[in-house]
Amino acid sequence: MGYVFLTLAFLALVVVFATVKVVPQQTAYVVERLGKFYAVLQPGITFIIPFFDRVSYKHSLKETALDIPEQICITRDNVQVRVDGVIFIQIIDPMKASYGINDYRFAVSQLSQTTMRSEMGKIELDKTFEERTTINQAVVHAIDEAAIGWGVKVLRYEIKNITPPQTVLNAMEKQMQAEREKRAVILESEGQKQSSINIAEGQKQKVVLESEGLRLRQINEAAGQAEAIKSIADATAESIRKIALAIQEDGGMNAVQLRVAEQVVNQFGNLARTNNTLILPANFGDLSSIISTAMTVVKQQEKTS
C-alpha cells in the first residue's frame, strides 16, 4: 500500500511539473500539441496538457550579436581584402523563427557574408574605408528583407576589420608618404611665394614712402628758398629805401661821394693784387673825374626815381 501511495505521489509531481511552465522574461516558448504548432507561451506562469502538449522551441527575445567570420572579398579594382564583422539581430516572431527556417543564426551569418562580398565588389579599394556606413546599411537592408520570413529583425551590421594584402598595404603606405611629401613641397612653395610677395610689397611701400619723403623735402626746400629769396629781397628793398632817405638828408650826397670813392679805390686795389690783364679807361689817372662821373649817374637815377 505504501509503494502505491509513493508511486501515485511521484506521478502527481511529474504531472504538475509537466503541466506548469514558468516562462522567464524576454523569453518565448513554442508549444506543439500532438506534433502541431499550438501556441507561444508568454513570460509568466502558464499551463499545458501533459503528454499532449510539448515545448518544442525556446527562444530568447533579447538582442543578439552574431560574429561574422573573416572572408575574402574582391573589390571593383580586383584587389583581395579580408573582411569580418558583427551583426545584431532580434527575434520578433517566435513561430517563424521555429518553423520558417532550420537555423536562423546560420542563415543570417551566410547571408551576411554573401551580401558583404556583393557590396565590396561594387566599390574600389580606396573607397572601402570611406564607404563603411554605406556598406553596413546595404547589408542590413538586404538581410532584413530575407529575414522577415524567418521571424528575425536585423538591427544593424558593423564591419570590424578590412585587411588588404601586405603588398597593397606597402603601396598604400608609399602613396600616403608621397602625398605627404607633395603637400610639404606645396606648403613650402606657398610659403616662399608669400614671402616673395611680402618682400616685394615691402620694397614697393619703401619706394613709395621714400619718393613721398623726397617730394615733401623738395617742396619744403623750395618753400624755404622762396622764403629766403623773399626775405633777402625785402631786406634789400628796405636797405635801398633807407639809403635813398639818407641821401636826401643834409650831407647825404657828400657821404655818397665818399662811399663811391672808397669803393673805386678798394676795387682797383683788389685788381692790382692779381695777375689779371686789365683794360683801364683813358682818364684813369684822374680819379676825381671818375668819381664825378659815378656821381652824375647816381644823381640821374635819383631824378628818375
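Here the structure is shown first, and the text comes after it.
A brief look at the structure comes next. Quantities reported herein were computed from a predicted structural model and do not represent experimental measurements.

Let us look at the nonpolar core. Counting 32 residues, the largest nonpolar core has Val81, Val83, Ile87, Ile89, Met116 and Tyr157 as its most contacted members. Of all the secondary-structure elements, those providing two or more residues to this core are strand S6 (64-74), strand S7 (80-91), helix H3 (104-120), helix H5 (132-147) and strand S8 (152-163). In contact with isoleucine 87, not counting residues within four places along its chain, are Thr64, Ala65, Leu66, Ile68, Val108, Ser112, Ile143, Val154, Arg156 and Tyr157. Residues Val23, Tyr29, Val31 and Ile48 belong to the second largest nonpolar core, which totals 5 residues.

Quick look at the pattern of salt bridges now. If you walk through the whole model with that rule in mind, you get 10 salt bridges. For aspartate 144, the salt bridge identified is with lysine 153, shortest N-O distance 3.0 Å. Residue aspartate 144 is classed as buried on the basis of its relative accessible area of 16%. Note that arginine 183 is salt-bridged to glutamate 179, the shortest N-O span being 3.7 Å. Note that arginine 183 and glutamate 179 are positioned in helix H6 (residues 166-248) at a spacing of 4 residues, about one turn of the helix. Exposure remark for glutamate 179: the relative accessible area of 35% places this residue in the partly exposed category.

Before going further, it helps to spend a moment on the sheet that holds S7. Spatial ordering of the open sheet is given by S6-S7-S8, a layout of 3 strands whose pairing is antiparallel. Each end of this open sheet is capped by a strand with a single partner; those strands are S6 and S8. Between one strand axis and the next, the sheet turns by 25° as a mean value, whatever way the strands run. Direction of pairing for S6 relative to S7: antiparallel, over a ladder of 9 bridges. Its bridge partner being in S7, isoleucine 74 is matched across the sheet by glutamine 80. Packed on one face of the sheet, H5 meets S7 and S8 and runs near 145° to S8.

Conventions and cut-offs
- Residues numbered from 1 in each chain as written.
- Predicted model: local features only at pLDDT ≥ 70, side-chain atom pairs only at ≥ 80, totals over all residues.
- Heavy atoms only, no water.
- Core = buried A, V, L, I, M, F, W, Y, C linked by side-chain atoms within 4.5 Å.
- Buried < 20%, exposed > 50% of the residue type's maximum accessible area, 1.4 Å probe, protein only.
- Helix = DSSP H or I, 4+ residues; strand = E, 2+ residues; numbered from the N terminus.
- Contact = heavy atoms within 4.5 Å.
- Salt bridge = Lys/Arg side-chain N within 4 Å of Asp/Glu carboxyl O.
- Pairing = 2+ DSSP bridges.
- Axes fitted to C-alpha atoms, helices over the stretch in contact; angles between N-to-C directions.

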